[in-house]
Amino acid sequence: MSIADHLARVRERMARACDRAGRDPASVRLVAVSKTHPAEAVVEAVAAGQLLFGENRVQEARDKIPLVPEVAGWHLIGPLQSNKVKMALPLFRMIESVDSLELAREIGRRLSPGEEMPILVQINVGGEVQKHGLADGGGVLETLRAMGGIPGVRVRGLMTVPPYASDPEGVRPYFRQLADWARRVREAGMDGVEMAELSMGMSHDFEVAIEEGATLVRVGSAIFGAR
Ligand SMILES: *Cc1c(COP(=O)(O)O)cnc(C)c1O
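Residues numbered from 1 in each chain as written. Predicted model: local features only at pLDDT ≥ 70, side-chain atom pairs only at ≥ 80, totals over all residues. Heavy atoms only, no water.

Chemist: Describe the overall build of the protein, and please don't skip the residues or the numbers.
Modeler: A count of helical and extended segments in the protein gives 9 helices and 9 strands. Taking 17 Å as the expected radius of gyration for a compact globule of 227 residues, we find that the protein reaches 17 Å, a close match to that expectation. Along the first, second and third principal axes, the C-alpha set of the protein runs to 45 × 40 × 30 Å. Taking all 227 residues of the protein together, 52% fall into the buried category. Looking at the protein alone, contacts between residues at least 24 apart form 59% of all its contacts between residues at least 6 apart. Surface accessibility of the protein: about 10500 Å² in total, with carbon and sulfur atoms responsible for 49%. Across the protein, the centroid of the 28 positively charged side chains sits 2 Å from that of the 30 negatively charged ones. (Helix = DSSP H or I, 4+ residues; strand = E, 2+ residues; numbered from the N terminus. Rg over C-alpha atoms; globule rule 2.2 N^0.38 Å. Buried < 20%, exposed > 50% of the residue type's maximum accessible area, 1.4 Å probe, protein only. Contact = heavy atoms within 4.5 Å. Areas by Shrake-Rupley, 256 points an atom, 1.4 Å probe, with all protein chains shown as cover. Lys, Arg positive; Asp, Glu negative; His and termini not counted. Charge placed at Lys NZ, Arg CZ, Asp CG, Glu CD.)

What follows is the structure, encoded as structure tokens:
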């Protein structure tokens, strides 16, 4: 099957999940995760109408992005070190993986006057030591409130990478947990903090994520094949 076929199948599965959940299909966007796959694969996906892509490494993205038609937009979905922020800013239209106040501040510092960068705050809902993200606990609200005050940094929502479960149903509680955080943040009412986006769900569990409120699903292998 071609990348176009895979994309069509993923989009169809997304539409069916929206249907089950009573959601408008336009409320969920597909981030096609192209990490480790060559620019040619992305060009093929663009030709099939996919315009939003995710990469988890800044250097890989920097090498790949110039080889892809400019209509494509990119999200950073992997860990960002402070010393790579400057390189990352012009490449991405959203940084989904902001996991500390320090990193958000560094993004703010590196923006030109008047420039804005939408970010998502990554929360480690499963509490696994090897996973990135803000620790799921009392500090989350405080950290988000502080991020909302950083000029140029637009907090647009939350992102998570839950623990792996062979049965996608096993991850449902973690997706609920992220949606709960978004609700709590909304209820707390923070200046400069929007909860418009929930980025959750990957190839094996994006349908469950959609049922639990995902607005961005990050799908790699189901589109581009195994890595
Ligand atoms: C690689 C990756 C994905 C996509 O994973 P697949 O299982 O290939 O769909 C999603 N999110 C993040 C953060 C990733 O690193």
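Let's pick the thread back up.
Chemist: Could you give an account of helix α2 (residues 39-47), naming the residues involved and the relevant values?
Modeler: Among the residues making up α2, those that are buried are Ala39, Ala41, Val42, Ala45 and Val46. Looking straight down α2, one finds that the buried residues subtend no more than 155° of arc, so they occupy a single side. Turned more than 90 degrees away from the buried face of α2, the exposed residues are Glu40 and Ala47. Those residues of α2 that are buried are in contact with α1 (3-21), β2 (52-55), α3 (58-64), β3 (73-76) and α9 (221-224). Looking one or two residues beyond α2, the residue adopting positive phi is Gly49, at roughly 95°. (Arc of directions from axis to C-beta.)

Chemist: Lay out the side chain of Arg218 with the relevant residues and their values.
Modeler: Its location among the elements puts Arg218 in strand β9 (residues 216-219). Look at Arg218: it is buried, it has no salt bridge, and the nearest opposite charge is Glu96 at 4.3 Å. Side-chain polar atoms of Arg218 contact the backbone oxygen of Thr160, separated by 2.9 Å. For Arg218, the side chain forms a polar contact with the side chain of Ser199, separated by 2.9 Å. (Salt bridge = Lys/Arg side-chain N within 4 Å of Asp/Glu carboxyl O. Polar contact = N/O pair within 3.5 Å; in protein donor to acceptor, adjacent residues only side chain to side chain.)

Chemist: So, the pattern of salt bridges: which residues are in play, and what are the values?
Modeler: Applying the stated criterion across every chain, the model contains 19 salt bridges. Of the charged contacts in the structure, one is a salt bridge between Glu106 and Arg109, with a shortest N-O distance of 2.9 Å. Pair noted here: Glu106 and Arg109 are both in helix α5 (residues 101-110), with a separation of 3 residues, about one helical turn. Accessibility expressed as a relative area gives 11% for Glu106, which makes it buried. The closest approach of N and O atoms between Arg183 and Asp180, which form a salt bridge, is 2.7 Å. Residue Arg183 and its partner Asp180 are both found in helix α7 (residues 172-188); the two are separated by 3 residues, about one turn of the helix. Connected through shared salt-bridge partners, Arg20, Glu169, Arg172, Arg176, Glu211 and Glu212 make up one network.

Chemist: Could you give an account of α1, naming the residues involved and the relevant values?
Modeler: End to end, α1 covers 27 Å across 19 residues, agreeing with the expected 27 Å (1.5 Å per residue, within 8%). Taken residue by residue, α1 has Ile3, Leu7, Val10, Met14, Ala17 and Cys18 as its buried positions. Within α1, the buried residues cover an arc of 100° as seen down the axis, which keeps them to one side. Projecting away from the buried face of α1 at angles above 90 degrees are the exposed residues Arg9, Asp19 and Arg20. Its buried side turned inward, α1 meets β1 (29-33), α2, α8 (206-211), β9 and α9. Immediately downstream of α1, the backbone of Gly22 shows phi near 65°, a positive value. (Expected span 1.5 Å × (residues − 1).)

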